[in-house]
Amino acid sequence: MLRLLLYFLRLFITRRTLLYLHNFFTSILKPITNLIAKIMPNQSDDHNSDPPPPPFDPSKPSIPISYPINSLEDLDSASYFTSFHYPFNKSTVPLHPPNSALPPRPRLLVCHDMQGGYVDDKWIQGGHNSGAYSIWHWYLIDVFVYFSHNLVTLPPPCWTNTAHRHGVKVLGTFITEWDEGAAICKKLLSTKESAHKYAERLAELAVALGFDGWLLNLEVKVDIGQIPNLKEFVSHLTQTIHSSLPGSLVIWYDSVTIDGELSWQNQLNEKNKPFFDISDGIFINYTWKEDYPKLSARVAGDRKFDVYMGIDVFGRGTFGGGQWTTNVALDVIKKDDVSSAVFAPGWVYETKQPPDFQTAQNRWWALVEKSWGIVQNYPKVLPFYSNFDQVGRGNHISIDGAQVLSTQWNNISSQSFQPFLEYVDDPTSNTIDVRVDCSEVSFSGGGNLTFKGTLEANAYVSTRLFLGELFMGGLPVRFTYSVKSEGNSQLGLSLEFSSEMEGKKKLLLASQETNQFSSKFDETIVLHQPTKSDTAPGWVILESSISMNGYTLTEIRAICYRKQPENSEHKSEARSKTTQDPAEYFAVLGHISISTSIQNTEFPPSTSWIVKGKDVEWGGSQGSKTLSLKISWKLKDGWSSRFPRYNIYVEKLIKQAVRPQGRKLETRALAPPNARNGKTEVSGEYLGESQVEAFYVSDFIIPSAISSLKYIIQPCDSGGASQVLDDAPFFQFNVEGQ
């Protein structure tokens, strides 16, 4: 009851007021709730009610989840590293460029704080809520903080994976609050040695799990005699994590002052600067006044970009009001040349802003882009691949055009490189509506880019997809994309290159020769003869190699146009018609892949892998078995796998029906084909994907006629290719006799 009341209070009052009111509400409500508990009947005596779930035991096998650390004892004991869930919680996507410092310019930090944290995102192997919260405007962000009100908030790997993919650093949160937090601080800061010890534990966690540092948020009063040890804690954490993880960050929150008082300064000044001096930056509380960013910049000197002025999107006392006027604060901060810390952008999701989450999210982030500008660019390195999975969620999953799942799902780790789509406040002003669509059948993953509307005969519509910094070397670069269209709707790609010596050059990639754009592009490249996939009806794969040595690819745009008549008679008829003759336009862009010819992946055969099953647990009732187990795999040569993702399938084998070595599986339309390495269909069931070399199968139902289960692990490379299933590693589990 108290927790619920405090949650609603956060919508209307500031953090400081909430702190002062906490003890009052606790003293009033706690006796009342105790009295209610005494006079109400004991619900556990009701035989119709379900028993309470057992307490969470991280040492026991279960569906992998992310979870925080809630005590200094657990932090000190390093029990997290012996948890069943620890190997699943490692991020596998490295930050690019590695060990890089933040750029010397105003930066945008985004602090998560969404519904208390660990909601749908805690399910490491994915969940079943297709409406789960996510962020997809990564090109506007420099640093992402995963925040909750637990002592040690460890970012779920899905956030680190997708943020790193887009060049964004990720921080966890160490926070102390209320009376419990004061007691924790007293113990943590009891000696210089204890301060160093807990700092080292935090650094170890960041390094082991693959995220980039910590936000330190001590919102309790600290004994003045322990301030030297508090400085030791901050300084030692900063130095330790820098030495073991170059490019990492420790950011101090504007709360405790150098004299131990809990007093938010809302600016950088002499009371909090000593902590700023021994860390990588300060997150300023959000109730600042208009001249505070300028004053803070003066105090910071040549470190002014390390000052992050806070903005609470919920608008609780924040400058500018937050919410749909968040840009008011951003404009002031940008003008005064310091950085910004946007707190709780999940406001759009939590308050159900109309008309729907996707539209409201795009509209809100468009305000950020207009005020702050784009801070990330990609593609930067090869291979580059995007299937336009916007939020890692949807109502189906496809692999190379073949649908393998037809139920709701979510998994932020699956989010691919995001297009830089420009938000249009009035969609009716455009003839073509462009959006990431989870309802249309996808080519890969659960989403795609859909272009829908009307288009005049000789007109075209250009849509920004990516803004890149990709230097083109001496080798030819291969561009591949998949398209599904209706009628005479055509979809090409515009590529813009720049060179200091040669200037700019624009190329059009199109499926056929066309002269209608001759004045708009320097060259039109007709792609290789379209090929259609037997397992992906309706999809056309287009491909071409381009040599642009010395140029840098700076922009990729989609070009929507209509196919022109091929013979002269039809051309004459077309000319006689007015150009003001709009027709329906519909096309879907399934994926884009960019690579060099030397980047073709050679997948190791199944004999190169060691695959094991352990932690087997049987369940179910008479006549129906369920199986839970952990499957793990690694290459025999001992090298860590270079594959960022694995698709997991299971084939149910009937008694005496185990296939001989080398014979192909019986086929049906559930095949994840590989466009480069052949196509294989399998009569198996898609279970999910994994970013680590392990997968947990939970309560899998086994029909009585099944004698064994064959779990197939399909490696996928960073360019979107996947191994032929017949050659993929597998683990065969005998059901009979169990």
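Refer to the structure printed above.
Each value, and the rule that gives it
Residues numbered from 1 in each chain as written. Predicted model: local features only at pLDDT ≥ 70, side-chain atom pairs only at ≥ 80, totals over all residues. Heavy atoms only, no water. Helix = DSSP H or I, 4+ residues; strand = E, 2+ residues; numbered from the N terminus. Buried < 20%, exposed > 50% of the residue type's maximum accessible area, 1.4 Å probe, protein only. Contact = heavy atoms within 4.5 Å. Areas by Shrake-Rupley, 256 points an atom, 1.4 Å probe, with all protein chains shown as cover. Axes fitted to C-alpha atoms, helices over the stretch in contact; angles between N-to-C directions. Left-handed = near helix turned anticlockwise from the far one by under 90°. Parallel < 35°, antiparallel > 145°, perpendicular 65-115°, else oblique. Nonpolar A, V, L, I, M, F, W, Y, C, P; charged D, E, K, R; others polar. Pairing = 2+ DSSP bridges. Salt bridge = Lys/Arg side-chain N within 4 Å of Asp/Glu carboxyl O. Core = buried A, V, L, I, M, F, W, Y, C linked by side-chain atoms within 4.5 Å. Domains from an automatic or database assignment. Phe/Tyr/Trp six-rings, centres within 6.5 Å; stacked < 30°, edge-to-face > 60°. Lys NZ or Arg CZ within 6 Å of the ring centre and 35° of its normal. Arc of directions from axis to C-beta. Expected span 1.5 Å × (residues − 1).

(A) Up close: the overall build of the protein. Helices and strands together make up the secondary structure of the protein, namely 13 helices and 32 strands. Buried positions account for 54% of the 738 residues belonging to the protein. Of the contacts made within the protein by residues no fewer than 6 positions apart, 76% connect residues no fewer than 24 positions apart. As displayed, the protein offers around 32300 Å² of accessible surface, 51% of which is attributable to carbon and sulfur atoms.

(B) Up close: the packing of helix α6 (residues 192-209) against helix α7 (residues 227-244). Direction vectors running N to C along α6 and α7 enclose 35 degrees, while the axes themselves pass 8 Å from each other. Crossing handedness for the pair α6 and α7: right-handed. For the pair formed by α6 and α7, the contact residues are Lys192, Ala195, His196, Tyr198, Ala199, Glu200, Leu202, Ala203, Ala206 and Val207 on the first element and Asn229, Glu232, Phe233, His236, Leu237, Thr240, Ile241 and Ser244 on the second.

(C) Up close: the packing of helix α10 (residues 326-335) against helix α12 (residues 357-372). Following both chains from N to C, one finds α10 and α12 inclined at 20 degrees, their axes separated by 9 Å at the closest point. The orientation of α10 with respect to α12, classified from their angle, is roughly parallel. Note on packing geometry: the crossing formed by α10 with α12 is right-handed. The residues of α12 that touch α10, namely those facing Thr326, Asn327, Leu330, Asp331, Ile333 and Lys334, are Trp364, Leu367, Val368, Ser371 and Trp372. For the contact of α10 with α12, the per-class residue count stands at six nonpolar, three polar and two charged.

(D) A look at the side chain of Gln226. When you line up the elements, Gln226 lands in the loop between β5 (213-219) and α7. Setting aside its immediate chain neighbours within four residues, Gln226 contacts Cys185, Lys186, Leu189 and Ser190.

(E) Region of interest: the sheet that holds strand β21 (residues 523-526). Taken in spatial order, the five strands make up an open sheet running β17-β24-β19-β20-β21, and their pairing is mixed. Both edges of this open sheet fall to β17 (460-471) and β21, since each of them pairs with a single strand only. Neighbouring strand axes in the sheet, compared pairwise and without regard to direction, differ in orientation by 25 degrees on average. With seven bridges connecting them, strand β19 (residues 489-499) and strand β20 (residues 503-510) associate as antiparallel partners. Along β20, the bridge assignment pairs Ser498 with Lys504.

(F) Highlighting the sheet that holds strand β28 (residues 645-654). With antiparallel pairing, the four strands of this open sheet are ordered in space as β29-β28-β31-β32. Each edge of the open sheet carries a strand with a single partner, namely β29 (685-690) and β32 (730-734). Taken over all neighbouring pairs, the strand axes of this sheet differ in orientation by 20 degrees on average, direction set aside. Pairing of strand β31 (residues 706-716) with β32, which is carried by five bridges, proceeds in the antiparallel orientation. Bridging across to β32, Tyr711 finds its partner in Phe731.

(G) Representation of the pattern of salt bridges in the model. Tallied over the entire structure, the rule returns 17 salt bridges. Here Glu369 and Arg464 are joined by a salt bridge, their closest N and O atoms 3.2 Å apart. You can see Glu369 sitting in helix α12 and its partner Arg464 sitting in strand β17, a full 95 residues away along the chain. A relative accessible area of 8% means that Arg464 is categorised as buried. Between Arg557 and Glu555 there is a salt bridge, with the nearest N and O atoms lying 3.0 Å from each other. Grouping residues by exposure puts Arg557 and Glu555 together as buried. One continuous salt-bridge network, built from bridges that share partners, spans Arg107, Arg303 and Asp306.

(H) Representation of the environment of Ala402. Counting through the fold element by element, Ala402 comes out in strand β13 (residues 402-405). Sequence separation between Ala402 and Val441 is 39 residues, and the spatial gap between their C-alpha atoms is 9.3 Å.

(I) Looking closely at the environment of Ser296. Looking at the element boundaries, Ser296 is found in helix α9 (residues 292-300). A C-alpha to C-alpha distance of 8.3 Å links Ser296 and Val338, two positions 42 residues apart in sequence. Contacts of Ser296, omitting those with residues within four sequence positions, involve Gln267, Leu268, Val307 and Met309.

(J) Seen up close, the nonpolar core. Grouped together as the largest cluster of nonpolar side chains are 153 residues, with contacts concentrated most on Trp214 and Phe233. With eight residues, the single largest contributor to this core is α6. The two domains that each donate at least three residues to this core are domain 1 (72-372) and domain 2 (384-563 + 581-595). By size, the runner-up hydrophobic cluster in this structure holds 24 residues, among which are Leu627, Tyr711, Ala721 and Val735.

(K) Just the packing of aromatic side chains, in detail. Going through the model one piece at a time under the given rule, you end up with 45 aromatic pairs. Aromatic side chains Phe84 and Phe88 sit 5.7 Å apart centroid to centroid with 45 degrees between the ring planes, which places their arrangement in the tilted category. Phe84 sits in the buried class, given a relative accessible area of 8%. Where Phe388 meets Phe466, the ring centres are 6.3 Å apart and the plane angle is 20 degrees; that geometry is what we call stacked. With a gap of 78 residues between them, Phe388 in the loop between β10 (384-386) and β11 (393-394) and Phe466 in strand β17 connect regions that are remote in the sequence. Residue class for Phe388 comes out buried when judged on its relative accessible area of 0%. On the basis of relative accessibility, which here comes to 0%, the residue Phe466 falls in the buried class. An aromatic cluster is present here, built from Tyr118, Tyr133, Trp136, Trp138, Phe144, Tyr146, Trp159, Tyr349 and Phe357 joined pairwise through their rings. Sitting above the plane of the Trp372 ring, Lys334 keeps its charged end 5.1 Å from the centroid.

(L) Highlighting the pairing of β28. When you tally the buried positions in β28, you get seven out of ten residues, the bulk of the element. With ten bridges joining them, β28 and β31 adopt antiparallel strand pairing. Bridge pairing links Ile648 to Ile713 in β31. Where β28 and β29 come together, five bridges link them in antiparallel fashion. Across the sheet, the residue bridging to Val650 is Glu685, located in β29.

(M) Region of the structure containing α10. Of all the residues in α10, the buried ones are Thr326, Ala329, Leu330, Val332 and Ile333. The arc enclosing the buried residues of α10, seen along the axis, measures out at 165 degrees, which places them on a common side. Close packing links the buried residues of α10 with β1 (108-111), α9, β8 (307-312), β9 (339-343) and α12. Positioned one or two residues after α10, Asp337 has a phi angle of 65 degrees, which is positive.

(N) Representation of α6. In this model, α6 (18 residues) spans 26 Å end to end at C-alpha, consistent with the 26 Å of a helix rising 1.5 Å per residue. All of the buried residues along α6 are Ser194, Ala195, His196, Tyr198, Ala199, Arg201, Leu202, Ala203, Leu205, Ala206 and Leu209. Close packing links the buried residues of α6 with α3 (72-77), β3 (152-153), β4 (169-177), α5 (178-188), β5 and α7. Backbone geometry just after α6 places Gly210 at a positive phi near 85 degrees.

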